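Residue strings, one per chain:
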Amino acid sequence: MPDLPIYQLPHQAANTPRHLDAQALAAALSRPIVFVDLETTGADATRDRITEIGVVEVGPDGIVEWDTLVDPGIGIPPFIQQLTGITDDMVCGQPSFESLAETLAERLQGKLFVAHNARFDYGFLKNEFRRAGVTFRADVLCTVRLSRSLFPSVARHGLDALIARFELQPKGRHRALADAELLWQFWQKIHGLYTVNLVEAAVRSLVKRASLPAGLEETALDDVPDTAGVYLFYGDQDMPLYIGKSIHLRQRIGAHFSGDHRAALEMRLARAVRRVEWRETGGEAGALLLEAHLIKTLQPLHNQMLRQNAGLFAWELAPGLSAPILRSDRDTDFSRHPNLYGVFPSRASAEARLAELAQTHQLCQATLALEKAARRGSPCFARQLHRCLGACTGDEPLAAHRERMAAALAGLAIQPWPFAGAVAWREQDDAKAWWHILEDWGYLGSVATLEDAPSLLVAPARFDLDTYQILAPRAAGLLASAVPLESVRQFELRSPAAPRQEAGPRPEPAPVTTTGPRRNRPPNPDQQLLSFIEP
Ligand SMILES: [Zn+2]
């Protein structure tokens, strides 16, 4: 739709503000618009049902009004009956949505779908159509957003506000056809204020923004909450394409598909994505932890893998030694071992960094064993250039050199894991609270309640650089609020006879929040390793 003009008017006419009467406006449309309003039994599109549909269809063939009551098959709550005047008695015996679905879809198909708070009406219709087994898809325009876009300085854009501001003439209120007709009146009013070109530009940008990549179902993002969490894009054969995190999931995912696609990556993603999945995490730290964990586990095509499994390195300043010792995480526990400095992704980068520090601080590279001394007491290369204070030649006492080396390395000190064992760290946003289970700077997963924590402790904990980098700057908060879980771990260790997996009741793996054609597929075995457990 965004490529189709909404109006077919001569350039001059489209650029001149003037009041077109209803018939002239309708005739100028290049394709019909349906102004739609629904009455329902409540606000939940999955649980509640439609009780009334009102449609004003406007197009080159004229203006047609259509409405019907619908038997929702469930009771209407009294306060809704009060609000709309639609009672159980009125809808009893009216056609069911299922019986209307085919003709209604035909009526709406291919037209610009306009509604106030369109997400509500469109979401309800999509759900009802799906239940009826009818495919329905439309380009959607929300008049709240249109009003906001055209009148950005105005605070209120509800239907009552529009009625007051534009002196619309309601033929009733909270009934479907009457409310749909108010939207058509609003549409006419804005054309009295703005040129057709300006309205068209606003409409196109709003409809475009709402559009999703072709490979995604129209409703794929309907349920995404705007809370903190991690999202996953999958492509053909359910291949992981990309993993990202945000404290506003909904906004962030939407931004990927905003339609501009300036970035090549965004364009490739939009073309390839077939399914979107998300996990709420209770906050930013959880989102960072889970994102890093999932990227390592699933290795999505478009995430840059920063670290391969080549091992990590750190310098150890052992007491009494004048040169640091290079340690690998293969044989040293970086989360517990004292006096470590790093972390480096390779031996070469560890040595390069130490050499760089030596230069900056006029340390002796021969004494640091980065350079072979010709013989004992002979000046190192830097000493000959007066860039070493002389630990090699005895001009600087080794103890003083060691002290300066320690000072130079201080900024790289690895904080030892500040707890005796595993801890649970609670994080909460508006929607949800999670306990992140952490041990030895490793992330074991997140659970909704502490009772579920033991199931995650069966996995071995290990120093993880991403987790360390996420948590170390938050160490003060972690120390203040994390709950130690040692007793659980000790209990596990004291019962070696029982296989660890059976040490406690294992909660069901998370029902993964997911969209798209594979909604009901069995969980990917890789994902079952993720240890992200929902209540
Ligand atoms: Zn030297």
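Residues numbered from 1 in each chain as written. Predicted model: local features only at pLDDT ≥ 70, side-chain atom pairs only at ≥ 80, totals over all residues.

Colleague: Give a description of the sheet that holds strand 13 (residues 433–439) that names residues and reports values.
Modeller: With antiparallel pairing, the four strands of this open sheet are ordered in space as 14-13-12-15. Single-partner strands in this sheet number two, and they are strand 14 (442–447) and strand 15 (483–484). Two elements, strand 13 and strand 14, share five bridges in a ladder whose sense is antiparallel. Within the sheet, the bridge partner assigned to L438 lies in strand 14 and is Y443. (Pairing = 2+ DSSP bridges. Helix = DSSP H or I, 4+ residues; strand = E, 2+ residues; numbered from the N terminus.)

Colleague: Can you lay out helix 11 (residues 249–256) for me, pointing to particular residues and giving the numbers?
Modeller: Regarding helix 11, the residues found buried are L249, I253 and H256. Down the axis, helix 11 shows its buried residues gathered within 50° of arc, on one side only. Looking at the buried positions of helix 11, the neighbouring elements they touch are strand 6 (229–234), strand 7 (240–246), helix 12 (264–272) and strand 8 (275–280). (Buried ≥ 20, exposed ≤ 12 C-beta atoms within 10 Å, placed from the backbone. Arc of directions from axis to C-beta. Contact = placed C-beta atoms within 7 Å.)

Colleague: Give me the lowdown on unusual backbone geometry, citing residues and values where you can.
Modeller: Residue V343 is reached from G342 by a cis peptide bond, and omega for that bond is 5°. With respect to the secondary-structure elements, V343 resides in strand 11 (residues 340–344). The phi torsion at D238 lies on the positive side, around 55°, for a residue other than glycine. Within the element layout of this structure, D238 appears in the loop between strand 6 and strand 7. The exposure class assigned to D238 is partly exposed, which follows from the 14 C-beta atoms found within 10 Å.

Colleague: I'd like a description of the sheet that holds strand 9 (residues 313–316), backed by residues and values.
Modeller: Strand order in this open sheet of three strands is 10-9-11, and the pairing throughout is antiparallel. Looking at the sheet topology across the chains shown, the edges are occupied by strand 10 (325–328) and strand 11. The average undirected angle you get between the axes of adjacent strands in this sheet is 30°. (Axes fitted to C-alpha atoms, helices over the stretch in contact; angles between N-to-C directions.)

Colleague: Break down the pairing of strand 9 for me, citing the residues and quoting the values.
Modeller: Sheet topology note: the strand 9/strand 10 ladder contains four bridges and is antiparallel. Of the residues in strand 10, the one forming a bridge with F313 is S328. By the bridge criterion, four bridges tie strand 9 to strand 11 in an arrangement that is antiparallel. Paired with F313 across the bridge in strand 11 is F344.

Colleague: Residues and numbers for the packing of helix 8 (residues 159–166) against helix 9 (residues 176–193), please.
Modeller: Interhelical geometry of helix 8 versus helix 9 gives an angle of 45° and a closest axis separation of 11 Å. As summarised for this structure, helix 8 and helix 9 are arranged oblique, according to the angle between their axes. Between helix 8 and helix 9 the crossing geometry is left-handed. Here L159, L162, I163 and F166 of helix 8 come into contact with helix 9, specifically with D179, L182, F186 and K189. Of the residues that constitute the contact of helix 8 with helix 9, the class distribution is six nonpolar, no polar and two charged. (Parallel < 35°, antiparallel > 145°, perpendicular 65-115°, else oblique. Left-handed = near helix turned anticlockwise from the far one by under 90°. Nonpolar A, V, L, I, M, F, W, Y, C, P; charged D, E, K, R; others polar.)

Colleague: A description of the confidence of the model for the protein chain should follow, citing residues and the corresponding values.
Modeller: When pLDDT is averaged across the protein chain, the result is 83; 84% of the residues are at 70 or more. Across residues 489–535 the pLDDT falls below 50, and counting only partners more than four positions away or on other chains, this stretch makes 71 contacts in the model. (pLDDT = per-residue confidence, 0-100.)

Colleague: So, the environment of A422: which residues are in play, and what are the values?
Modeller: Summarising the element assignment, A422 is placed in the loop between helix 16 (398–409) and strand 12 (423–428). Look at A422 and you get buried, because 25 C-beta atoms sit within 10 Å. Along the backbone, A422 and D440 are 18 residues apart, and their C-alpha atoms lie at a distance of 7.3 Å.

Colleague: Explain the environment of A420 residue by residue, including any values.
Modeller: Its location among the elements puts A420 in the loop between helix 16 and strand 12. The class of A420 is exposed, set by 11 C-beta atoms lying within 10 Å. Spatially, the C-alpha atom of A420 lies 9.0 Å from that of E439, the residues being 19 residues apart in sequence.

Colleague: Explain the nonpolar core to me, and be specific about the residues and the numbers.
Modeller: V276, A314 and I437 are the most contacted members of the largest nonpolar core, which totals 76 residues. Membership of the second largest hydrophobic core comes to 52 residues, among which are V34, V91, A180 and F186. (Core = buried A, V, L, I, M, F, W, Y, C linked by C-beta atoms within 7 Å.)

Colleague: Would you mind going over the environment of I53 in detail, with residue names and values included?
Modeller: Secondary-structure assignment places I53 in strand 2 (residues 50–59). For I53, a count of 26 C-beta atoms within 10 Å puts it in the buried group. Along the backbone, I53 and D121 are 68 residues apart, and their C-alpha atoms lie at a distance of 9.7 Å. Beyond its immediate sequence surroundings of up to four residues, I53 is in contact with L38, D67, T68, V70, L104 and A176.

Colleague: For helix 9, give the residues involved together with the corresponding values.
Modeller: Taking 1.5 Å as the rise per residue, helix 9 with 18 residues should run 26 Å; its terminal C-alpha atoms sit 27 Å apart, in good agreement. Among the residues of helix 9, those classed as buried are A176, L177, D179, A180, E181, L182, L183, W184, F186, W187 and H191. (Expected span 1.5 Å × (residues − 1).)

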